[in-house]
Every structure is written in structure tokens, then in C-alpha cells.
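Analysis of the macromolecular model
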Amino acid sequence: MDIVLECDQLTKTYTSGEKKLTVLDHVSFKAEQGTSLSIIGPSGSGKTTLLGLCAGLDVPTSGTISLMNFKLNNLSEDDRAYIRNQYVGFVFQNFQLLSTLTALENVMVPLELRGEKNVAVKAKELLGRVGLGDRYHHYPTQLSGGEQQRVALARAFITSPKILFADEPTGNLDEANAQQVTDLLFGLNREEKTTLVLVTHNLELAQKTERIIKMKGGLVVNA
Amino acid sequence: MAWRDGLHNFSRLFLFISSLITGIAGVVAIASLNYSLQDELDRNAKELLGADLVVNSSKKISSELIKVIDSTKVALARDADMASMVMFMHTKESRLIKLTALQGDFPFYGELETFPTDAYAKMKSGRFAMLDESLATQYNVSSEDSLKIGNTVFKVAGVVRKIPGGGGLTATLAPAVYISLTELDSTGLVQYGSRVNYSLYLKTTSDKQTAEVIDRIKPLSKKMGFGFETVQARRDGLGQGIKSVNQFFSLLAFVALILGCIGVASSVHIYAREKRDEVAVLRCVGSSGWQAFNIYFIQIFVLGVVGSLMGAGLGAIIHQVIPIAFKEYIPLKLQFAISWRAIAEGVALGGIVSILFSLLPLMAVRFVPPLTVLRADFNATKVFSKSRLAATILIIVFPILAAAYQTKSWISGGLFSVGLALALGCLALVAAGLLWLVRKYFPLGATFVFRHALSNLFRPNNQTRVLLVTIGLGAFIIATLNIIQNSLLGQVEFTGSQNQSNTILFDIQPSQKDGVLQLMKEQNLPANQVVPIITCRLSGLKNKTIEEIQKDTTNIPEWALTREYRITYRDSLSKSGSEKLVKGEVQKFYPGRKDSVYVTISEGMHETLKLQIGDSLTFNIQGVDMRVRVGGIRKVEWPKDPPNFLFVFPSGVLENAPQIWVATTRINDNVAASKFQQALVVNYPNVSLIDLRLVLSTVDELFKKVGLVIRFLALFSIVTGLVVLAGAVINSKFARMKENVLLRTIGARTSHLTKITLIEYGYLGLFSALTGMALSLGGGWLLCKFFFQVSFSVDWIELLTISGGVMLLTMFIGWFNSREVISTPPLQVLRREG
């Protein structure tokens, strides 16, 4: 199976004055195409930092990250953005929709950034798949939390990403909505054969993935 | 707490207040200039007149009056001035000047500054002339050269750098040449029809003696047809002029201040809204509403005072620069003193403004419910607040009070406040309309970058409308000025038109008429118009004498009743097509018929004099009364092929009255113009020539000068608008940072984000410019139609340039303040959010 993501000895240290704080300490792991894995651990264990590094949102202090065979360490911010646009999808705990755009427009953005035209059809189809076929022209403030997260899911899958990073995707949702989003997330993931990297506190959710990486104090304690 | 919290937000808070700095700077600079001018006026009033009393007359001053004045034993000097041609002998070039013939020890006060210093004494000694320095520079005249004025050649004695009562704009319009009064007759310029102004300058020993002289001459004033002017009258006149100009400029500066106020209110509103969560926590731990309010109020007040001090300092610096930059428009030599009064007023005004305009948005802090800590979307029911009502009333009253203080007039202040409120209301309406149109006709087919940039204008907590109004107001002022300038210039801009006259010859004596026409023929110049002119005054209207009309309440302006009219006679409308008959007819003269003389009157003048077809009026023509009736009303396009006339008589009535002739022609190039002027001055020295191309360029120059001053002040509004914009950009920084980071996360590159930012502010600049332009077209049209009464004329290229400039400036300010937003790494914001 092809390796989609490979982290090798990742370390991230923040410096504040003379103090140094290591939030990730020599973390290594791999993710193959079409598989799913969860990163779990208590607050401050380095989960989100690891996710950010893997997605090229930040750069490590040392160690290497390879995403779709691109070594992220050597790439500029713009090049990393290009790779994210081509291969990566995101789902966040706080949905992170653009407040000035409608649901449909939010979903269209990643393809439009590629310069593609006539993307509304695909966006509408995806919104239909997540059950929001009647909410195209609603702004985020006009949608419930569960609906916003479903828009975020549609946006994440519109580029048919090779890998999807999800940071506490059900963290802000009630039980019913959380279940609906979880089903959609794993369903779409299976259909699109996407690699899923999930960061969560929720052990029940984590157990739905094929593999769990447990972190504590910046170290992987059980992979 | 206020201090600790303020430290964290200092740079942001300071930006709120910085929009005040430009407003206060404008107010202080203008107030300082006004105080300096008034002080200077009080100190040097006599120098403005050059004497204690001046007697003016358009007729030669009678020996009887001289005798009366001589009997009072006052020192006396005199001058006579008139329009004349001068030929510069070294180049044979000629032009129209104001000829001033002086006699005696003028000026008694102040200094006639010449170069060389003995030029004035030399001029008085014989056939020597001095000329204004600007004229000498323009025609490259040196002390070795000579000038031909009328029949006489004068050697150049030197140049005049400064003369009491002269210089400034007067010199721009009509540069002067000075000769001795004893030499005036030798020029042969004073003939029938020549318009000469005679003045007597009197130096008294005391104010009491001045009053005595006035008592002696006043009874003779009407009979002999002269007027007089005292130092006090000149000071009052000039003081009134300075006051009016100052009022206008103060109000422009005040506009900048009001814009600053809007900026403060808008920014503090956003700031207070963002502080909602913190306030809720404070309320949870036991803070009262007023305690929470005080924390933020103290921050704004302290920074308001700091901002005002900085604005006052900046204003004081600008005040030092104004006399250097605009010295040619200021009639007095200013001292570089700091006006502490203006500074104190500025600081007080800034303090009040910062308190007043932050009160309302900050009061909202008092009503933040503690429950917001648990539920962010919880809104308390609105409660009536006396303090909120008081603040609202104060905010409404403040602009009226402040404008009244600035203009030192309740009426001006009130009218200005209403006008400003209307202008801001219209701008807000246009801005809202534009945004509504954008929403309605959103360009769904445009590329993502363009659509997203446009959507950003509607982001939550946006200040788009405030920005459209603030930047739009600056654009409005500049565009309106441009429209007025173009419309006024359009009135004199006839030289480009084919076949229209661009040269007017006047003061042609009847005996010279054929010779002048022959000269034009020899030089292949067309005689477009050759018309006689007779001077006269009104002595009666509709069977009433002028004196009777002056006493009753007909509301006919004094000037229209007492002015000198220059009329002509012909049996048809002007052949140039500059007039058409709108009512009545052009009637010929039939001797012997009752009421046989029917004249035509120009449209507008008939309204001023309240005359209709068939009404009678009586003219005093060189001492002879002539009763006529109105036979027709002509619509006259005054700028087209002058001269045009208010009254036209039929032929056969005035042929024997004393008259002069005017001829018009078109000269297409400078060489031909120079050759003709030269021949004219040599053969007919008393005939004057107006080169309308020169008039046009002079008027244009004048507009440029006045426009420069107004633009300088309008700049305060633009700068304030841009500072408000910078504040708004910083206010929305976190929201925009979040958006950009999100876009970066899903693949946007720096070029995408830069384009979105530039296009967003490009839209903002464009809409602001459109808002300002829309209002300026409306306002400009109203001003042209009802105030200046000229044809509305727009130079679209210049308006587009102004719009482009506003747009580019807005884009630059927006982009400059967004650099950090564009370059922020994604994870930082996502973490903060998560």
C-alpha cells in the first residue's frame, strides 16, 4: 500500500525568552492510503501541533514530514498551500466556515482556488449528500452547528482529497448531530478511499479508526 | 484595571483616536492663522490704506473739493488709475495693464518697496515708470529698457515689490505700471469714454481731524459723485473678508473633525462589542455596570487628550508653514508666533469630542449581562437609560455648538450643521443604495477572488458604510470643487471655438474707428463686431424716479439702480448668435410716434429690475433724460462673442450722443497678435486691447491658486477618512486574519490573499469615490444653477482621475495595514480559535 503521510522524528520546540518548551518530541509514524488513524491524548499532549505539522500548517523544529511524497520541510508557505489544495481536506471542531460566504460558496472555494470553473454542480451534489440540498444559499450564521459541520465536510471532500485531517470534528455538537457527522465522515471516507487522520478526546470515536496513536507530554506513548 | 487593559490595547486604541489628530490639526491651523491675521490687521491697519482717509471718484476730482480739503491743512497725495496698453520697447511686445499715476508722498503709512530703492524718487522726477515685479519678470524688463504708454515713452526706473493696498490677487489679475501723475496727460490716454479712477490720499494728525475732514466733505459726496474710505472701513472690509474666508476654511477643517468623530464612534463601537466577553466576566466577579464602563472610558479619554495634544502640535506646525506656502494670497506679512489660544481651543475640542463620541458605544458596556459568560448569544432586554438619552442629545447638539463657535455665528453654525447632516445623510443614503445594488446584482459569474473580495465588504461587524461616508466626503469636496472650477472656466473658455472673437479693442474714438478697421483689414483680421457704446445711468423706472424706488420696498438691488450702464444701438439681434429673443420683438425707431423708442433688455436683468414688456424706464444719457419702453427680452449667452449688452437701443436715437466704439476680431497665433498689438499701440495709443486668451489663462491661474488652498484643506478630510480606514482595517484584523488563515489552510497562496485584499479595498475605494462623485454631481449642479448661475460643466477625465486617486489611496492604506494579516501562519489562528 502507498504511504500518504510519513513523519520521522518530528520535534517542535517553542522558545519564550530563555525558556524552551518542547511540545512534540521525536514523533514518528506512517499512514497508508485509504486507512484511518486517530491521535488521542489529554489537553497539551501535542495532538493539534502534530496535526498542524502533518498538514503543513506549521514547520517542525527538527525531523521530516513527507506528504504525498513531498518533503514539507523544504517547501515555502505557498508551496505547502498548493499541496493542501491538491491533496488535503480539513474538518475543524469550530467548523471554520467563511462567514461572508453562503453554504454553497463555502463548499466551492477549494476548487475555485484551483481556478476551476462551473464548480457549483459538484458543490450542490456534495451538499445534497450531506443532507443540505435545501440550504445552498444560507450563510453560516443561519445554520445550526451540526449543519455547519456538514457544510465543512462537503468542503473537505469537494477536492477528492487523498488525506483528510479532522480536529475534534464532533467536539462542538450534541449527541444526535455528532452521530450524524461521524457517519458522514466515515461514510465519505470509505467511498472516496481517503486516508483519515483524526484528532480527538473521544475514545469511542477514536475506536472507529483502524489505528490509534496515544500521546502524552509531546511523546507518542502507544502507536 | 483601565491602565492594565489599555496597555494591551494601546496601539489599537491609539488608532481610534488618531482620526482625531488630523481634525484637530486642521482646526488649530486655521484658528491660528485667523488669530494671526486679525492681530496683524489690528497692528497694521493704516498700512493697508497708506493714508488716514482716501477719497475715490470715477470723475476728475473737482477743484472745489480740493479747496475744501486744502482748507483742513492735511497732507495730500493723489493718484489716477486706468486700464491701458503698454508696449515693452525692447521686445515690442504689448499687453493690457493697470496704469497708476501717482503724485505726492503716497504712501503716508507703510512702505512702497522698490528695487532699486531710489526708483520711486526717480519716477516722480520725470518720464520714468515703475512696474510690478511679476510683470517685469514675465516680460524680462530691466532698468535699461523703456515702456511706451499712450503717446509717451517712459524709461524704466525700477520694479515695485510691495505697495500698500496692492499686490496679492489684484496683481495677478491686472499687473500695474506706475508713472507720475504729471505725466499722465502727455500719454493722451484720458479721452472721452476712458474709465479713470481718481483717488486722493489724506494724512491727518489725529482721528479727530479725520472726523472733521469727513464732516466737511460728506455733504459734497452725492453732488460731486465721490466716495471715501477710512482706515476703520478698510480694516472692517478686509476683516470681514478674512472672517468670511476663515469661516469657510474653518468649516472645511470642522468637516475633518466631524469625520474623525464618526471614526472614533465607529471604532469604539467595535471595540466595546469585542470587549463584551471580558465585561461579562467582570460582571460575574462583582463589577457594576458603571465600573466596567469606567475602565474603557478612562482609556479612551486619556488617549483622546493625548491625540488632541498631538493634533494641536501638528496644527501649530502647519500654521508655521501656511504663511510660507500661501504668502502671495495673504495681504499681510505674518509673524511666526504660536497661537496658544488656538491650541487650547483645539485640545479642549479634542477632549470633548473623544468623550462625547465614545460615550454612546461605551454605554453599551454597562448593559452587558453576566449571563453572557455562559451563553454568548444571550441578550438582555433593552432598558431605558437616562444617561444614554443625555449622551444622544449632547451628540446632536455638539456639532451645532462647535460650528457656531468656529464661525462665531449661531446662524452659520446652525445652517452648517444642518447642511453637514444633510450631506452626510445623502452620502449614507448613496452608500446604502450602492451596497444594496451590489447585493442585489452580485456578480455571481465573476471569479472567486473578485466575488470573495466583494463579499468581504459585508462581513459581520463591517464598517463599510462608515468608510464609504468618510472617504466619500473627502472625494465629494474635491470633486465638487473641480466641477465648480470647470463650470466657471467654461464661462470664459471660448477661445478654442472656431470663428469666435478672442480679441477685443475698446476705447476707440469715433474719429479713430475707420483707421482701426483699416489697420485690421491690412493685417487680414476679420472685424467680427464693430459696435458703438454709450454710457448712461437709470433715472427712472415705471414712472417713478430712482430716489422714489430706493425709498419704497420693491426689493430692486441698489447696484442695479445706481450702476453705470454701457449700452449700444442696432435694429437686429447680434449677428454672432450670442442672443435670441425670448419675448416681445426688436422694434425699429419711428420718429414722431408716441413712445417711439423700444429697447430690448437681457433675460435676468428684466427680473432684477422687475420689468415686463411695455414697461417704461428713463435713462440719463450724458445729462439728457430719455424715456423708453421695453420692447423685447433677449436671452444672452454672455461668454459667446463679447461684447454683449444688457440694453440695446434701436438705431436712429443715439447716433449723436457721445460714444466710443468697440471692435472684436479673432487672431489665431501669437506672432500675428504681437504684430497687430504693436501697430495698434503705435498708431492708436489710447485704444486698449484685451487678449481673451490671456484673460483665460489668468482666470485659470487664479482658480489654480484658490483651488490649491481649498484642496489643501479638503486633504484634511481625505486624510481623516484614510485614518478611519486604517482604524477599521485594524479593527477587523482578527476577523480578516481568521478568514485568510482558513483560505490558506484550504490552499490559498499569498498571491490569492494579496489579490483579495487589494480588490476588497479597491472596491471600497471605488464605492467611496462613486458615493462622493454621485453627490458632487448633484451638489455641483445645484451650486452652478442657483448660486453661481453658470452652465454646469464636468470634465469626466478629471473626475475619473480623482476617483482613481481615491481608489488607489484606499487600496494602498488597506493593503499596507493588512500585510501582517496576509503573512500570518495558519496554525496560530486556528489554535486561538480552537
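Keep in mind that what you see is a predicted model, and the values were worked out from it rather than measured. (Residues numbered from 1 in each chain as written. Chains lettered and ligands numbered in written order. Predicted model: local features only at pLDDT ≥ 70, side-chain atom pairs only at ≥ 80, totals over all residues.)

Residues and elements named next belong to chain B. The share of residues in chain B with pLDDT of 70 or more is 87%, and the mean pLDDT across the chain is 80. Across chain B, strand β19 (residues 647–649) holds the top mean pLDDT of 94, while helix α6 (residues 168–173) sits lowest at 54. The ipTM value of the predicted complex is 0.79, and its pTM value is 0.63. (pLDDT = per-residue confidence, 0-100. Helix = DSSP H or I, 4+ residues; strand = E, 2+ residues; numbered from the N terminus.)

Our next topic: unusual backbone geometry. Residues and elements named next belong to chain B. Going from F106 to P107, the amide bond is cis rather than trans, its omega being 0°. When you line up the elements, P107 lands in the loop between β3 (93–103) and β4 (113–115). At the junction of F115 and P116, the peptide bond is cis and its omega measures out at -5° in the coordinates. Here P116 lies in the loop between β4 and α4 (119–124).

The next subject is the nonpolar core. By size, the foremost hydrophobic cluster in this structure holds 173 residues, and its most contacted members are A:C54, A:V107, A:L153, A:F165 and A:V197. Of the residues forming this core, the biggest block, 18 residues, is contributed by helix α10 (residues 231–274) of chain B. Two domains share this core, each providing at least three of its residues, namely domain 1 (9–50 + 225–408) and domain 3 (424–497 + 691–834) of chain B. Aside from chain neighbours lying at most four places away, what touches A:C54 is A:L5, A:C7, A:I65, A:F165 and A:V197. Counting 73 residues, the second largest nonpolar core, distinct from the first, contains B:L49, B:L76, B:L96 and B:I217. (Core = buried A, V, L, I, M, F, W, Y, C linked by C-beta atoms within 7 Å. Buried ≥ 20, exposed ≤ 12 C-beta atoms within 10 Å, placed from the backbone. Domains from an automatic or database assignment. Contact = placed C-beta atoms within 7 Å.)

This part covers helix α22 (residues 670–683) of chain B. Each α-helix winds once per 3.6 residues, and so residues spaced three or four apart point in a common direction. All names here are of chain B. With 14 residues, α22 ought to run about 20 Å at 1.5 Å a step, and its terminal C-alpha atoms sit 20 Å apart, in line with that. Burial in α22 covers these residues: A673, F676, Q677, L680 and V681. The arc enclosing the buried residues of α22, seen along the axis, measures out at 130°, which places them on a common side. On its buried face, α22 is in contact with β2 (75–88), β3, β6 (146–149), α18 (513–522) and β21 (688–691). (Expected span 1.5 Å × (residues − 1). Arc of directions from axis to C-beta.)

Along the chain, B:W290 turns up in helix α12 (residues 289–325). By the C-beta count within 10 Å, which is 12 here, B:W290 ends up exposed.

Our next topic: the packing of helix α13 (residues 340–366) of chain B against helix α14 (residues 386–407) of chain B. Residues and elements named next belong to chain B. Interhelical geometry of α13 versus α14 gives an angle of 145° and a closest axis separation of 9 Å. Handedness of the α13/α14 crossing: left-handed. Between α13, through L349, L356, F357, L359, L360 and M363, and α14, the contact on the second element is made entirely by S387, R388, A391, T392, L394, I395, F398 and A402. The residue makeup of the contact of α13 with α14, split by class, is eleven nonpolar, two polar and one charged. (Axes fitted to C-alpha atoms, helices over the stretch in contact; angles between N-to-C directions. Left-handed = near helix turned anticlockwise from the far one by under 90°. Nonpolar A, V, L, I, M, F, W, Y, C, P; charged D, E, K, R; others polar.)

Across a sheet, strands are paired by hydrogen bonds formed along the backbone, either parallel or antiparallel in direction. All names here are of chain A. Spatially, four strands are ordered β2-β1-β4-β5 in an open sheet, and the strand pairing comes out antiparallel. At either margin of the open sheet sits one strand with a lone partner, and together these are β2 (19–32) and β5 (70–71). Across ten bridges, the pairing between strand β1 (residues 3–16) and β2 is antiparallel. Pairing of E6 across the sheet is with K30, part of β2. Helix-sheet contacts for helix α1 (residues 47–54) involve β1, β2 and β4 (62–67), and the interaxial angle to β1 is about 120°. (Pairing = 2+ DSSP bridges.)

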